[in-house]
Amino acid sequence: FSPLTALGQDVQVSRTNKTIEVTVTQTVTAEPEVAVIEVGYRNFGPTRDATVDENVSASNKIIQGLTDGGIPEGAIETEELQIQQYGPEANVPAAETGERKFGASQKWDIHVPVAAAQQTVNLAIAAGANEVEDVDWTVKDPDALEQKAIAQAVAKARATAAEILSGLGEKLGGLLYASNMSRRPKGWPFSGLQTSMAKIGERRSVPKLRLFPKKVEKEATVHVSVAVE
(Lines give C-alpha, C1' and ligand atoms only; values in the text may rest on other atoms or scores of the structure.)
Protein backbone atom coordinates (compact mmCIF):
# COMPACT_ATOMS: atom_id res chain seq x y z
CA PHE A 1 0.00 0.00 0.00
CA SER A 2 1.70 3.20 -1.15
CA PRO A 3 0.35 6.67 -0.29
CA LEU A 4 1.76 9.35 -2.59
CA THR A 5 1.37 13.07 -3.10
CA ALA A 6 1.44 14.57 -6.59
CA LEU A 7 1.01 18.30 -7.16
CA GLY A 8 -1.13 18.64 -4.03
CA GLN A 9 -3.35 15.68 -4.97
CA ASP A 10 -3.91 12.63 -2.75
CA VAL A 11 -2.87 9.38 -4.42
CA GLN A 12 -2.96 5.86 -2.97
CA VAL A 13 -1.67 2.80 -4.81
CA SER A 14 -2.55 -0.70 -3.64
CA ARG A 15 -0.55 -3.44 -5.37
CA THR A 16 -2.52 -6.05 -3.42
CA ASN A 17 -5.93 -4.91 -4.67
CA LYS A 18 -4.49 -3.72 -7.99
CA THR A 19 -6.07 -0.28 -7.65
CA ILE A 20 -5.02 3.34 -7.55
CA GLU A 21 -7.13 5.96 -5.79
CA VAL A 22 -6.81 9.65 -6.54
CA THR A 23 -8.45 12.69 -4.95
CA VAL A 24 -8.17 15.97 -6.83
CA THR A 25 -9.77 19.39 -6.78
CA GLN A 26 -10.50 21.31 -9.96
CA THR A 27 -11.74 24.88 -10.33
CA VAL A 28 -13.44 26.28 -13.43
CA THR A 29 -14.33 29.89 -14.14
CA ALA A 30 -17.02 31.54 -16.23
CA GLU A 31 -18.17 35.02 -17.06
CA PRO A 32 -20.99 36.16 -14.72
CA GLU A 33 -24.49 36.22 -16.14
CA VAL A 34 -26.58 37.15 -13.10
CA ALA A 35 -26.07 39.67 -10.30
CA VAL A 36 -27.74 39.22 -6.91
CA ILE A 37 -27.78 42.64 -5.28
CA GLU A 38 -28.70 43.14 -1.62
CA VAL A 39 -30.12 46.55 -0.79
CA GLY A 40 -32.08 47.75 2.20
CA TYR A 41 -33.36 50.51 4.42
CA ARG A 42 -32.60 50.94 8.13
CA ASN A 43 -33.94 53.64 10.44
CA PHE A 44 -34.29 54.48 14.13
CA GLY A 45 -36.90 56.29 16.19
CA PRO A 46 -38.18 57.08 19.69
CA THR A 47 -41.27 54.83 19.47
CA ARG A 48 -41.97 51.50 17.87
CA ASP A 49 -44.94 52.69 15.83
CA ALA A 50 -43.15 55.74 14.46
CA THR A 51 -40.07 53.71 13.58
CA VAL A 52 -42.08 51.01 11.81
CA ASP A 53 -44.22 53.55 9.96
CA GLU A 54 -41.14 55.33 8.63
CA ASN A 55 -39.54 52.07 7.57
CA VAL A 56 -42.66 50.83 5.79
CA SER A 57 -43.10 54.15 3.99
CA ALA A 58 -39.46 54.28 2.87
CA SER A 59 -39.43 50.61 1.88
CA ASN A 60 -42.56 51.01 -0.24
CA LYS A 61 -40.92 53.92 -2.06
CA ILE A 62 -37.82 51.82 -2.75
CA ILE A 63 -39.82 48.91 -4.13
CA GLN A 64 -41.93 51.31 -6.19
CA GLY A 65 -38.80 52.95 -7.54
CA LEU A 66 -37.38 49.58 -8.56
CA THR A 67 -40.53 48.35 -10.25
CA ASP A 68 -41.12 51.70 -11.97
CA GLY A 69 -37.57 51.44 -13.26
CA GLY A 70 -38.28 48.07 -14.87
CA ILE A 71 -37.34 45.53 -12.17
CA PRO A 72 -40.10 42.86 -12.04
CA GLU A 73 -41.45 42.02 -8.59
CA GLY A 74 -40.52 38.37 -9.22
CA ALA A 75 -36.85 39.39 -9.23
CA ILE A 76 -37.10 40.87 -5.71
CA GLU A 77 -36.89 38.66 -2.61
CA THR A 78 -37.14 39.71 1.04
CA GLU A 79 -33.85 38.87 2.75
CA GLU A 80 -34.37 40.50 6.15
CA LEU A 81 -37.23 42.05 8.14
CA GLN A 82 -36.26 43.24 11.60
CA ILE A 83 -37.59 45.40 14.43
CA GLN A 84 -35.40 45.97 17.50
CA GLN A 85 -35.62 47.79 20.80
CA TYR A 86 -32.43 49.29 22.24
CA GLY A 87 -31.51 49.94 25.84
CA PRO A 88 -29.40 52.81 27.26
CA GLU A 89 -25.95 53.07 25.66
CA ALA A 90 -22.80 53.94 27.56
CA ASN A 91 -21.43 57.44 26.96
CA VAL A 92 -24.52 58.44 24.95
CA PRO A 93 -26.69 61.34 26.20
CA ALA A 94 -30.16 60.29 27.33
CA ALA A 95 -31.79 62.61 24.79
CA GLU A 96 -29.96 60.92 21.91
CA THR A 97 -30.69 57.46 23.28
CA GLY A 98 -34.39 58.28 23.34
CA GLU A 99 -34.31 59.15 19.64
CA ARG A 100 -32.80 55.74 18.86
CA LYS A 101 -34.85 53.56 21.18
CA PHE A 102 -36.21 51.45 18.32
CA GLY A 103 -34.74 50.29 15.04
CA ALA A 104 -36.32 48.79 11.92
CA SER A 105 -34.68 47.21 8.89
CA GLN A 106 -35.71 45.64 5.61
CA LYS A 107 -33.37 44.12 3.05
CA TRP A 108 -34.03 42.61 -0.36
CA ASP A 109 -32.11 40.43 -2.80
CA ILE A 110 -32.59 41.66 -6.37
CA HIS A 111 -31.78 39.22 -9.19
CA VAL A 112 -30.94 40.90 -12.50
CA PRO A 113 -28.72 40.27 -15.54
CA VAL A 114 -25.16 41.49 -15.09
CA ALA A 115 -25.70 44.26 -17.63
CA ALA A 116 -28.45 45.71 -15.42
CA ALA A 117 -26.57 45.51 -12.09
CA GLN A 118 -25.19 49.02 -11.87
CA GLN A 119 -28.41 50.70 -12.97
CA THR A 120 -30.35 48.58 -10.46
CA VAL A 121 -28.15 49.83 -7.61
CA ASN A 122 -28.60 53.39 -8.84
CA LEU A 123 -32.37 52.95 -8.91
CA ALA A 124 -32.43 51.60 -5.37
CA ILE A 125 -30.31 54.44 -3.97
CA ALA A 126 -32.28 57.07 -5.86
CA ALA A 127 -35.47 55.62 -4.36
CA GLY A 128 -34.09 55.92 -0.82
CA ALA A 129 -32.12 52.74 -0.02
CA ASN A 130 -29.45 53.48 2.60
CA GLU A 131 -27.81 50.04 2.72
CA VAL A 132 -26.10 48.22 -0.14
CA GLU A 133 -24.29 44.94 0.47
CA ASP A 134 -21.81 43.03 -1.68
CA VAL A 135 -23.02 41.91 -5.09
CA ASP A 136 -23.07 38.15 -5.67
CA TRP A 137 -22.02 37.41 -9.25
CA THR A 138 -23.22 34.06 -10.55
CA VAL A 139 -24.46 32.21 -13.63
CA LYS A 140 -27.92 31.16 -14.77
CA ASP A 141 -27.13 27.45 -14.46
CA PRO A 142 -24.76 26.84 -11.50
CA ASP A 143 -25.33 23.08 -11.78
CA ALA A 144 -23.99 23.02 -15.34
CA LEU A 145 -20.85 24.86 -14.23
CA GLU A 146 -20.41 22.41 -11.37
CA GLN A 147 -20.80 19.45 -13.73
CA LYS A 148 -18.08 20.96 -15.91
CA ALA A 149 -15.80 21.20 -12.87
CA ILE A 150 -16.56 17.60 -11.92
CA ALA A 151 -15.85 16.33 -15.44
CA GLN A 152 -12.53 18.14 -15.53
CA ALA A 153 -11.66 16.88 -12.05
CA VAL A 154 -12.31 13.24 -13.09
CA ALA A 155 -10.20 13.68 -16.22
CA LYS A 156 -7.44 15.25 -14.15
CA ALA A 157 -7.61 12.37 -11.66
CA ARG A 158 -7.29 9.75 -14.41
CA ALA A 159 -4.37 11.64 -15.96
CA THR A 160 -2.64 11.82 -12.59
CA ALA A 161 -3.20 8.11 -11.99
CA ALA A 162 -1.80 7.23 -15.42
CA GLU A 163 1.28 9.37 -14.81
CA ILE A 164 1.95 7.81 -11.39
CA LEU A 165 1.51 4.27 -12.69
CA SER A 166 3.77 4.96 -15.65
CA GLY A 167 6.54 5.86 -13.23
CA LEU A 168 5.92 2.59 -11.38
CA GLY A 169 5.97 0.53 -14.57
CA GLU A 170 2.24 -0.20 -14.38
CA LYS A 171 -0.65 0.48 -16.75
CA LEU A 172 -3.95 2.18 -16.03
CA GLY A 173 -7.10 0.06 -16.21
CA GLY A 174 -10.81 0.91 -16.16
CA LEU A 175 -12.54 3.30 -13.81
CA LEU A 176 -14.03 1.43 -10.82
CA TYR A 177 -15.91 4.29 -9.20
CA ALA A 178 -15.88 8.06 -8.76
CA SER A 179 -17.46 10.16 -6.04
CA ASN A 180 -18.12 13.90 -5.81
CA MET A 181 -16.88 15.24 -2.49
CA SER A 182 -17.88 18.86 -3.12
CA ARG A 183 -20.40 20.62 -0.91
CA ARG A 184 -23.14 21.99 -3.11
CA PRO A 185 -24.46 25.41 -2.06
CA LYS A 186 -28.12 26.19 -2.26
CA GLY A 187 -28.85 27.56 -5.70
CA TRP A 188 -31.42 30.01 -6.97
CA PRO A 189 -33.64 29.16 -9.95
CA PHE A 190 -32.59 31.69 -12.59
CA SER A 191 -34.67 30.18 -15.41
CA GLY A 192 -37.47 32.70 -14.85
CA LEU A 193 -35.20 35.73 -14.98
CA GLN A 194 -36.57 37.96 -17.75
CA THR A 195 -35.24 41.38 -16.80
CA SER A 196 -33.34 43.19 -19.55
CA MET A 197 -31.61 46.55 -19.81
CA ALA A 198 -34.31 47.66 -22.22
CA LYS A 199 -36.86 47.46 -19.40
CA ILE A 200 -34.80 49.37 -16.86
CA GLY A 201 -35.32 53.10 -17.23
CA GLU A 202 -32.68 55.74 -16.59
CA ARG A 203 -33.12 57.99 -13.55
CA ARG A 204 -31.79 61.50 -13.10
CA SER A 205 -29.73 62.66 -10.12
CA VAL A 206 -28.50 59.22 -9.15
CA PRO A 207 -25.08 58.61 -7.57
CA LYS A 208 -22.29 57.80 -9.99
CA LEU A 209 -21.38 54.22 -9.17
CA ARG A 210 -19.13 51.74 -10.91
CA LEU A 211 -19.55 48.03 -10.44
CA PHE A 212 -16.89 45.65 -11.68
CA PRO A 213 -18.29 42.13 -12.26
CA LYS A 214 -15.96 39.31 -11.32
CA LYS A 215 -15.69 35.85 -12.83
CA VAL A 216 -17.69 33.04 -11.30
CA GLU A 217 -15.72 30.13 -9.85
CA LYS A 218 -16.97 26.63 -9.19
CA GLU A 219 -14.80 24.08 -7.41
CA ALA A 220 -15.19 20.31 -7.49
CA THR A 221 -13.32 17.70 -5.47
CA VAL A 222 -13.59 14.11 -6.68
CA HIS A 223 -12.26 10.78 -5.45
CA VAL A 224 -11.75 8.10 -8.11
CA SER A 225 -10.62 4.52 -7.95
CA VAL A 226 -9.06 3.00 -11.05
CA ALA A 227 -7.92 -0.56 -11.69
CA VAL A 228 -4.25 -1.30 -12.27
CA GLU A 229 -3.65 -3.72 -15.15
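Residues numbered from 1 in each chain as written. Predicted model: local features only at pLDDT ≥ 70, side-chain atom pairs only at ≥ 80, totals over all residues. Heavy atoms only, no water.

### Remarks on the overall build of the chain
Turning to step 1, where the next piece is worked out: Within the chain one finds four helices and ten strands.
Turning to step 2, where the next piece is worked out: For the chain, the succession of helices and strands along the chain, N to C, is β-β-β-β-α-β-α-β-α-β-β-α-β-β.
Turning to step 3, where the next piece is worked out: The proportion of buried residues among the 229 residues of the chain is 40%.
Turning to step 4, where the next piece is worked out: A sequence separation of at least 24 residues applies to 83% of the contacts in the chain between residues at least 6 apart.
Turning to step 5, where the next piece is worked out: When the accessible surface of the chain is split by element, carbon and sulfur atoms take 49% of a total near 13200 Å². (Helix = DSSP H or I, 4+ residues; strand = E, 2+ residues; numbered from the N terminus. Buried < 20%, exposed > 50% of the residue type's maximum accessible area, 1.4 Å probe, protein only. Contact = heavy atoms within 4.5 Å. Areas by Shrake-Rupley, 256 points an atom, 1.4 Å probe, with all protein chains shown as cover.)

### Quick look at the pairing of strand E6 (residues 102-113)
Turning to step 1, where the next piece is worked out: Along E6, twelve of the twelve residues are buried, which leaves the element largely enclosed by surrounding structure.
Turning to step 2, where the next piece is worked out: By the bridge criterion, twelve bridges tie strand E4 (residues 34-45) to E6 in an arrangement that is antiparallel. Bridge pairing links Asn-43 to Ala-104 in E6.
Turning to step 3, where the next piece is worked out: In this sheet, E6 lies alongside strand E5 (residues 76-85) in antiparallel orientation, the contact comprising nine bridges. Directly across from Gln-85, in E6, lies its bridge partner Phe-102. (Pairing = 2+ DSSP bridges.)

### Some words on the side chain of Thr-51
Turning to step 1, where the next piece is worked out: Relative to the assigned elements, Thr-51 resides in helix H1 (residues 48-68).
Turning to step 2, where the next piece is worked out: Side-chain polar atoms of Thr-51 contact the backbone oxygen of Thr-47, separated by 2.7 Å.
Turning to step 3, where the next piece is worked out: Discounting chain neighbours no more than four positions away, the residues touching Thr-51 are Asn-43, Phe-44, Gly-45, Pro-46, Phe-102, Gly-103 and Ala-104. (Polar contact = N/O pair within 3.5 Å; in protein donor to acceptor, adjacent residues only side chain to side chain.)

### Considering the environment of Thr-160
Turning to step 1, where the next piece is worked out: Counting through the fold element by element, Thr-160 comes out in helix H4 (residues 142-167).
Turning to step 2, where the next piece is worked out: Judged by its relative accessible area of 8%, Thr-160 falls in the buried class.
Turning to step 3, where the next piece is worked out: Spatially, the C-alpha atoms of Thr-160 and Val-22 are 7.7 Å apart, while their sequence positions differ by 138 residues.

### Considerations on the pattern of salt bridges
Turning to step 1, where the next piece is worked out: Taken as a whole and assessed by the stated rule, the structure comprises seven salt bridges.
Turning to step 2, where the next piece is worked out: Between Glu-131 and Arg-42 there is a salt bridge, and its shortest N-O distance comes to 2.7 Å. Taken together, the residues Glu-131 in strand E7 (residues 131-132) and Arg-42 in strand E4 connect sequence positions 89 residues apart.
Turning to step 3, where the next piece is worked out: Judged by relative accessible area, Glu-131 falls into the buried class, the value being 18%.
Turning to step 4, where the next piece is worked out: Put simply, Glu-133 and Lys-107 hold a salt bridge, and the shortest N to O gap is 3.3 Å. (Salt bridge = Lys/Arg side-chain N within 4 Å of Asp/Glu carboxyl O.)

### So, the packing of H1 against helix H3 (residues 117-126)
Turning to step 1, where the next piece is worked out: At a closest axis distance of 8 Å, the pairing of H1 and H3 adopts a crossing angle of 145°. The two elements H1 and H3 cross, and the hand of that crossing is right-handed. For the pair H1 and H3, the contacting residues are Ile-62, Gly-65 and Leu-66 in the first and Thr-120, Leu-123 and Ala-124 in the second.
Turning to step 2, where the next piece is worked out: Residues belonging to the contact of H1 with H3 are distributed by class as follows: four nonpolar, two polar and no charged. (Axes fitted to C-alpha atoms, helices over the stretch in contact; angles between N-to-C directions. Left-handed = near helix turned anticlockwise from the far one by under 90°. Nonpolar A, V, L, I, M, F, W, Y, C, P; charged D, E, K, R; others polar.)

### Comments concerning the packing of aromatic side chains
Turning to step 1, where the next piece is worked out: Counted according to the given criterion, the structure contains one aromatic pair.
Turning to step 2, where the next piece is worked out: Measuring from ring centre to ring centre gives 5.9 Å for Phe-44 and Tyr-86, while their planes differ by 50°; the resulting arrangement is tilted. Placement of the pair is Phe-44 in strand E4 and Tyr-86 in the loop between E5 and helix H2 (94-99), with a sequence separation of 42 residues.
Turning to step 3, where the next piece is worked out: For Phe-44, a relative accessible area of 27% corresponds to the partly exposed category.
Turning to step 4, where the next piece is worked out: The side chain of Arg-100 reaches across the aromatic face of Phe-44, ending 3.9 Å from its centre. (Phe/Tyr/Trp six-rings, centres within 6.5 Å; stacked < 30°, edge-to-face > 60°. Lys NZ or Arg CZ within 6 Å of the ring centre and 35° of its normal.)

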